[in-house]
Amino acid sequence: MPRPLVRIGTSDPTAVLHGLEAALAGGPALLPVAEGAPALPTPAPADVERRVALVVETSGSTGTGKRVALSSEALLAGAAAADAALGGPGGWVLALPTHYIAGLNVLTRSIAAGTTPSVVPPGHFDAEAFADAADRLVTGPAAPRRYTSLVPVQLARVFDDPRATAALARFDAVLVGGQATPLPLRERATTAGVRIVTTYGASETSGGCVYDGRPLGTVQTRLVDGELWLHGPMLAEGYLDDPSRTAATFVEDAGLRWYRTGDAATLDGDRVQVLGRLDDVVISGGEKVPLGLVERHVRELPGQDAAVVTRRDAGEWGEVPVVVTAVPIDLAVVRDHVGAVLGRAARPADVVVVDRVPMLPSGKPDRRAVLGLVADRRPRG
C-alpha cells in the first residue's frame, strides 16, 4: 500500500520536527523543501512506497537534482550508531537547514532521544544566536549530553565570538561535516577546549556514517578502482522515480548492498581518508591532480580555511588548479606550500580574491558559482 508524501517548507523547523516525528512513527512520508529553492525538473510524486519515511532533495555542489528516499529503519539505525559512537543520547542545538540531511539528522536524533532541539533561527548563521540557543538547550536524566552539528564556516564564526566559543566548550561533542575541516580550525578547537568530531556521509547514507575516519557500528567500507563503497543499515532505498540512477549507485556484490559514493579514498585498516570526488580531477601537464587534495592543503595556510580550489582551462597544459579566496594571499606562498607536498603539477596557477566565496545554504561552497568566477580570468606569473 503506498504512503502519501507531504511537502513541507523549512522556514519553521518545529513544523519539520513534528512532520518527521509522524513519518518515523508510520505517518505520511515527509519532503522538506527550502522556500525559494529552484524546483527539480520533475514534480515529486503524491505517494511513495510504504518503506519510505523521508525524501531529501539534493543536487550537491556540482551534480544534477535527485530525490533520496530513506526509510525509518535507516534513519534510526544511523541515529543509534551515532549515539553509541558519541557516548549516548543527548540534547541538540539545531544550526543547520532542515532540508539537508545533516539538519534532519539533528531532528532524528532528538526524536530518538526524546529531547527537544534548541533552534538557531534559520537564515544567515550568527554566532550570538548560536550562543543564545546553547543557553536554551535543556537535557534530561535519560539524555544528559549536549551536542550540535556545524559546517566548518559556522565553526569558524563561533570561534570569532568569545561568548559562543565558551558555550561550545560546554558541549560533549560538536559534529563538523559537509567538507574537510581545515587543520587551523581543528587547532583552534583544541585551544578552545572544544571536542570536534569530523563526519563523512551523504543523504544516501542517512548522513554521517564515518566519524573521525572510522565507520560507525556495522558500517563496512571497501575500495573499488579507487572509489569508496559503503554498506550498512543506514543506506537509502534509492532515488524516487529514477531506477537507472538507483541501479548504478546502489549495487549488489558478494551478497551485500553497497552505495557507490563517487569519492576517491584510501583505507588503512578500518580508517578512511576521503580525498575528494573521483570526477574532480584535472589533467595538468599530463599528470592527474585531485582538486580536493589541493584544496585541503591550501586550507592549511593561515586565513585560508574557507578557500576553494577549482579548475581553469590552460590550453596545451590541459587544466590547472585555481584558488578562490576572500582572504588575499601571495600566489608564490600557495604554490610553494602545495608543490612541496603534492608536486609541481598540483601547484595552483592563480589566486582569485573575491569579496565573499559563494556558498550554498548548507554551508558548502557553491562550486558551480566558483567555477564561473574564474572562467574568463587569465593566468598570472
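Our subject is the structure listed above.
Just so we're clear, the structure is a prediction, and the values are computed from it rather than from any experiment.

1. Focus on the overall build of the chain
Helix and strand content of the chain: 11 helices and 23 strands. The C-alpha radius of gyration of the chain comes to 21 Å, within 12% of the 21 Å expected for a compact globule of 381 residues. Principal-axis analysis of the C-alpha atoms places the extent of the chain at approximately 60 × 50 × 45 Å. Looking at the chain residue by residue over its 381 residues, the buried ones come to 50%. Nonlocal contacts in the chain, meaning residues at least 24 apart in sequence, comprise 64% of its contacts between residues at least 6 apart. Entry remark: accessible area of the chain is about 16,900 Å², with carbon and sulfur atoms responsible for 54%. For the chain, the separation between the mean place of its 38 positive charges and that of its 43 negative charges on side chains is 1 Å.

2. What about the sheet that holds strand β23 (residues 350–353)?
With mixed pairing, the 3 strands of this open sheet are ordered in space as β21-β22-β23. The open sheet is flanked by β21 (308–313) and β23, the only strands paired with a single partner. Pairwise comparison of adjacent strand axes, ignoring direction, gives a mean angle of 35 degrees for this sheet. Here 6 bridges tie β21 to strand β22 (residues 319–325), and the two strands are oriented antiparallel to one another. From the neighbouring strand, aspartate 313 faces β22, where its bridge partner is glutamate 319.

3. A look at the packing of helix α5 (residues 152–159) against helix α7 (residues 183–192)
Relative orientation of the contacting elements α5 and α7 amounts to 40 degrees, with a least axis distance of 11 Å. The orientation of α5 relative to α7 falls into the category oblique. The two elements α5 and α7 cross, and the hand of that crossing is left-handed. When α5 is examined against α7, the residues Pro152, Leu155, Ala156 and Phe159 are found in contact with a partner set consisting of Leu185, Arg188, Ala189 and Ala192. Class assignment for the residues of the contact of α5 with α7 results in 7 nonpolar, no polar and 1 charged.

4. A few points about α5
Counting buried positions along α5 yields 6 of 8 residues, so the element is predominantly enclosed. Within α5, the full set of buried residues consists of Pro152, Gln154, Leu155, Ala156, Val158 and Phe159. The inward-facing, buried residues of α5 contact α4 (127–136), β8 (145–150), α6 (162–168), β9 (173–176), α7 and β10 (196–202).

5. Considering α4
Buried within α4 we find Ala127, Ala129, Phe130, Ala131, Ala133 and Ala134. In this structure, the buried side of α4 is in contact with β6 (90–94), β7 (118–119), β8, α5 and α6. The N-terminus of α4 is capped by aspartate 126, whose side-chain oxygen sits 3.1 Å from the backbone nitrogen of glutamate 128.

6. A word on the pattern of salt bridges
Using the criterion set out here, one finds 18 salt bridges in the structure. A salt bridge links arginine 245 to aspartate 242; its shortest N-O distance comes to 4.0 Å. On the basis of relative accessible area, arginine 245 is assigned to the partly exposed category, the value being 23%. The class of aspartate 242 is partly exposed, set by a relative accessible area of 22%. The partner of arginine 299 in a salt bridge is glutamate 295, and the shortest N-O contact between them spans 3.6 Å. Of the two residues, arginine 299 and glutamate 295, both sit in the buried class. A single salt-bridge network, built from bridges that share partners, covers Asp132, Asp135, Arg163 and Arg170.

7. As for the sheet that holds strand β12 (residues 214–215)
Read from one edge of the open sheet, 7 strands run β7-β6-β8-β9-β10-β11-β12, paired in mixed fashion. Only two strands of the sheet have a single partner each, and these edge strands are β7 and β12.

8. Focus on the environment of alanine 236
Tracing the sequence through the fold places alanine 236 in the loop between β14 (227–231) and β15 (238–239). Once the C-alpha coordinates of alanine 236 and threonine 266 are considered, the two residues, 30 residues apart in sequence, prove to be 24 Å apart. When neighbours within four sequence positions are excluded, alanine 236 is seen to be in contact with Val68, Ala69, Leu70, Glu204, Phe250 and Arg257.

Parameters and conventions
- Residues numbered from 1 in each chain as written.
- Predicted model: local features only at pLDDT ≥ 70, side-chain atom pairs only at ≥ 80, totals over all residues.
- Heavy atoms only, no water.
- Helix = DSSP H or I, 4+ residues; strand = E, 2+ residues; numbered from the N terminus.
- Rg over C-alpha atoms; globule rule 2.2 N^0.38 Å.
- Buried < 20%, exposed > 50% of the residue type's maximum accessible area, 1.4 Å probe, protein only.
- Contact = heavy atoms within 4.5 Å.
- Areas by Shrake-Rupley, 256 points an atom, 1.4 Å probe, with all protein chains shown as cover.
- Lys, Arg positive; Asp, Glu negative; His and termini not counted.
- Charge placed at Lys NZ, Arg CZ, Asp CG, Glu CD.
- Pairing = 2+ DSSP bridges.
- Axes fitted to C-alpha atoms, helices over the stretch in contact; angles between N-to-C directions.
- Parallel < 35°, antiparallel > 145°, perpendicular 65-115°, else oblique.
- Left-handed = near helix turned anticlockwise from the far one by under 90°.
- Nonpolar A, V, L, I, M, F, W, Y, C, P; charged D, E, K, R; others polar.
- Polar contact = N/O pair within 3.5 Å; in protein donor to acceptor, adjacent residues only side chain to side chain.
- Salt bridge = Lys/Arg side-chain N within 4 Å of Asp/Glu carboxyl O.

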